[in-house]
There are 2 protein chains.
Amino acid sequence: MEWTIQELAARAGITSRTLRHYDRIGLLAPSRVGANGYRYYNLAAVARLQRILLMRRLGMGLSAIAEVLADEVDTCDGLRAHIAALEEERDRIERQIRSVRHTLEALQSGAEPRMDVMLAGFNDGYKDEVISRWGERAFQVSNDWWHGKSLDQQRAWKQDTEDLVAAWVAAAKAGVSPTSEHAQSLAARHVRWLSQIPGTPTAEGDRERSIEMVKCMGDMYVDDPRFAGMYDDAAGATFVRDALHAYARTQM
Amino acid sequence: MEWTIQELAARAGITSRTLRHYDRIGLLAPSRVGANGYRYYNLAAVARLQRILLMRRLGMGLSAIAEVLADEVDTCDGLRAHIAALEEERDRIERQIRSVRHTLEALQSGAEPRMDVMLAGFNDGYKDEVISRWGERAFQVSNDWWHGKSLDQQRAWKQDTEDLVAAWVAAAKAGVSPTSEHAQSLAARHVRWLSQIPGTPTAEGDRERSIEMVKCMGDMYVDDPRFAGMYDDAAGATFVRDALHAYARTQM
DNA sequence: TTTGACCTTGACGCTGCGTCAACTTCTAGC
DNA sequence: GCTAGAAGTTGACGCAGCGTCAAGGTCAAA
């Protein structure tokens, strides 16, 4: 089974120019080139194109895509990673939908929309932030840690995180005090959760910097739009911050 | 409440250069410019930026974005349209996830992955296809028809379509014959569904071309990757095609 | 054999910024 | 009040990822 350049382009929703471009830069060579110079693509080439288009959709540059495809030993692993990336993208879009809904509701009810919630779901790279706050090494360590996990472990971690967040939101909605026993036990769980990440002061047993970090995280949940909407709304984030501050002051 | 260029950039996950670029091209002016030439952004500017980033994520060019924002009378309508667009994007990603899963499973089970399913979820523009097959006018008419609908009507139409597809898939899975009474009643429903779209031969009462179109649609469900995965798998699409062909031969 | 669709290789252009460079302005500590 | 450093400004150049001619060669059908 073989396709000409136009057939493949039409089916993939791109132009033949793009395929020629990919050939020129060595990203996707046709499986066969006729004596007349015509390009022909077989199933393997189509599979490679699928992966290229997937990564391109996720915003990767063509050179980065070429690297990934070159380094790849197991196609199955690559596909699994792609599914994970797509699921993350879907979740990000879900957050954006919620964010726009918030803006819309605020606008309709006459309330002033809040900047933090409005911009939730747009930022992707924590990288620079982590580096500037905790140093390059911290980023390296936590990044290696994350990518050293299996996909199942990554899923488990995400589930843990979601459970924790859900518990926080429920507590905030219940109207209990941030200094209540329940809230403080959540804060303790939060700190344990944080301490699982190597490279953080808490994981390294640095008490001084641990306290500072826990307080800082609390502040970020409120102030940093990167976390906006994570704890449902501003009240939720404030609740988490207050609970964490209290915990850092009294229990650490 | 006002932010400097860096503050806004950091929070939106872009660079200050990008904001300056948007100012230069007239896409997003700062709400205030200090005597020192510094740019300051207020909430309204942030809201506009939110919409710009939303549209940019959906692949629109900056000039197209500017047009949309200029033409817009009601911000709420714009936001609602955005939510709809984001939901579609999310659905598309869902389809891609299923498509990649299919490729992965085929690879693991040793089966050869199928090109049509592999490329499902990549094409977006039916436009050229519609024009080349049914003429520019057909596209204009059906496009006007679609955009003349309210959001509620659009949702209802999508629901109808999904119901129809689900019925087809269930019938195919049940193992009944494409010429069975049940399949033929589904085919009749399918033709009625098609005839709702103005500009199509069926809607215009052109019997000859109607038959041709129904057959052609059936073929496309099988051969055209644009519809790949719509009826679950190749067996589903084949079932629909056979049922439609039989209906076109005997009932129209 | 002709017509029209599809293929080829250049080559230039456009968009959406990244990235200096050169300079001014604000902020914080001594 | 002075000075260092962070953050602001306006050019100007560069690059990626194609779109879009131009100037042809190839192929299938009539």
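Before any of the text, the structure's been laid out above.
Residues numbered from 1 in each chain as written. Chains lettered and ligands numbered in written order. Predicted model: local features only at pLDDT ≥ 70, side-chain atom pairs only at ≥ 80, totals over all residues. Heavy atoms only, no water.

Draft legend 1. Representation of helix α3 (residues 43–57) of chain B within the structure. Residue and element names in this part refer to chain B. With 15 residues, α3 should cover 21 Å at 1.5 Å per step; its first-to-last C-alpha distance of 21 Å lies within 8% of that length. Among all positions in α3, only L43, A45, V46, L49, Q50, R51, I52, L53, L54 and M55 are buried. Where α3 begins, the capping side chain belongs to N42, and its oxygen is found 3.2 Å from the backbone nitrogen of A44. G59, located one to two residues past α3, shows a positive phi value of around 90°. (Helix = DSSP H or I, 4+ residues; strand = E, 2+ residues; numbered from the N terminus. Expected span 1.5 Å × (residues − 1). Buried < 20%, exposed > 50% of the residue type's maximum accessible area, 1.4 Å probe, protein only. Polar contact = N/O pair within 3.5 Å; in protein donor to acceptor, adjacent residues only side chain to side chain.)

Draft legend 2. Just the environment of L58 of chain B, in detail. All names here are of chain B. Among the secondary structure elements, L58 is positioned in the loop between α3 and α4 (62–71). Residue classification places L58 among the partly exposed residues on the basis of a relative accessible area of 28%. Sequence-wise, L58 and L86 are 28 residues apart; in three dimensions their C-alpha atoms are separated by 8.0 Å. Contact partners of L58, with chain neighbours within four places excluded, come to H82, A85, L86 and E89. (Contact = heavy atoms within 4.5 Å.)

Draft legend 3. Structural context of the protein's contact with DNA strand C. By nearness alone, 18 residues border DNA strand C, and Q6, R20 and R39 of chain A together with R17 and L62 of chain B come closest of all. Near the protein, within 4 Å, the atoms of DNA strand C are sugar or phosphate in 77% of cases. Separating a phosphate oxygen of DNA strand C from a side-chain N or O atom of R56 of chain B is a distance of 3.1 Å. Among the secondary structure elements, those contributing two or more residues to the surface near DNA strand C are α1 (5–12) and α2 (16–24) of chain A together with α2 (16–24) of chain B. It is α2 of chain B that contributes the most residues to the surface near DNA strand C, 4 residues altogether. Grouping the amino acids of the surface near DNA strand C by side-chain chemistry returns 5 nonpolar, 8 polar and 5 charged. (Near = heavy atom within 4 Å. Nonpolar A, V, L, I, M, F, W, Y, C, P; charged D, E, K, R; others polar.)

Draft legend 4. Local environment of the environment of A70 of chain A. Residues and elements named next belong to chain A. As for its placement among the helices and strands, A70 is situated in helix α4 (residues 62–71). Take A70: its relative accessible area is 61%, and that puts it in the exposed class. Considered as a pair, A70 and L27 are 43 residues apart in the sequence and their alpha carbons are 9.6 Å apart.

Draft legend 5. Examining the sheet that holds strand β3 (residues 39–41) of chain B more closely. Residues and elements named next belong to chain B. Spatially, 3 strands are ordered β1-β3-β2 in an open sheet, and the strand pairing comes out antiparallel. With partners counted over all chains shown, the strands left at the sheet margins are β1 (3–4) and β2 (32–33), one partner each. In this structure, β1 lies alongside β3, joined through 2 bridges in antiparallel fashion. Of the residues in β3, the one forming a bridge with W3 is Y41. (Pairing = 2+ DSSP bridges.)

Draft legend 6. Local environment of the protein's contact with DNA strand D. The environment of DNA strand D is formed by 18 residues, the closest being T15, R17 and L62 of chain A together with Q6 and R39 of chain B. The sugar-phosphate backbone supplies 76% of the atoms of DNA strand D found within 4 Å of the protein. One nitrogen or oxygen atom from the side chain of N36 of chain A is found 2.9 Å from a phosphate oxygen belonging to DNA strand D. One of the side-chain N or O atoms of R17 of chain B is found 3.4 Å from a base nitrogen in DNA strand D. Among the elements of the structure, α2 of chain A together with α1 (5–12) and α2 of chain B are those that each provide at least two residues to the surface near DNA strand D. Take the surface near DNA strand D: its biggest share by element is 4 residues, from α2 of chain A. Classifying every residue of the surface near DNA strand D by side-chain character gives 5 nonpolar, 8 polar and 5 charged.

Draft legend 7. Representation of the packing of α1 of chain B against α2 of chain B. Residues and elements named next belong to chain B. Taken N-terminus to C-terminus, the directions of α1 and α2 make an angle of 110°; their axes are 8 Å apart at the nearest point. Here α1 lies roughly perpendicular to α2, going by the angle between them. In contact with I5, L8 and A9 of α1, α2 contributes S16, L19 and R20. Grouping the constituent residues of the contact of α1 with α2 by class yields 4 nonpolar, 1 polar and 1 charged. (Axes fitted to C-alpha atoms, helices over the stretch in contact; angles between N-to-C directions. Parallel < 35°, antiparallel > 145°, perpendicular 65-115°, else oblique.)

Draft legend 8. Structural context of the packing of aromatic side chains. Per the counting criterion, the structure on display carries 2 aromatic pairs over all chains. Their ring planes at 75° and their centres at 6.0 Å tell us that W168 of chain A and F239 of chain A sit as a pair that is edge-to-face. Taken as a pair, W168 of chain A in helix α8 (residues 151–174) and F239 of chain A in helix α11 (residues 234–251) lie far apart in primary sequence, 71 residues in all. The pair W168 of chain A / F239 of chain A is uniform in exposure class, with both members buried. The aromatic ring of Y40 of chain B is capped on one face by R32 of chain B, whose charged end is 4.4 Å from the ring centroid. (Phe/Tyr/Trp six-rings, centres within 6.5 Å; stacked < 30°, edge-to-face > 60°. Lys NZ or Arg CZ within 6 Å of the ring centre and 35° of its normal.)

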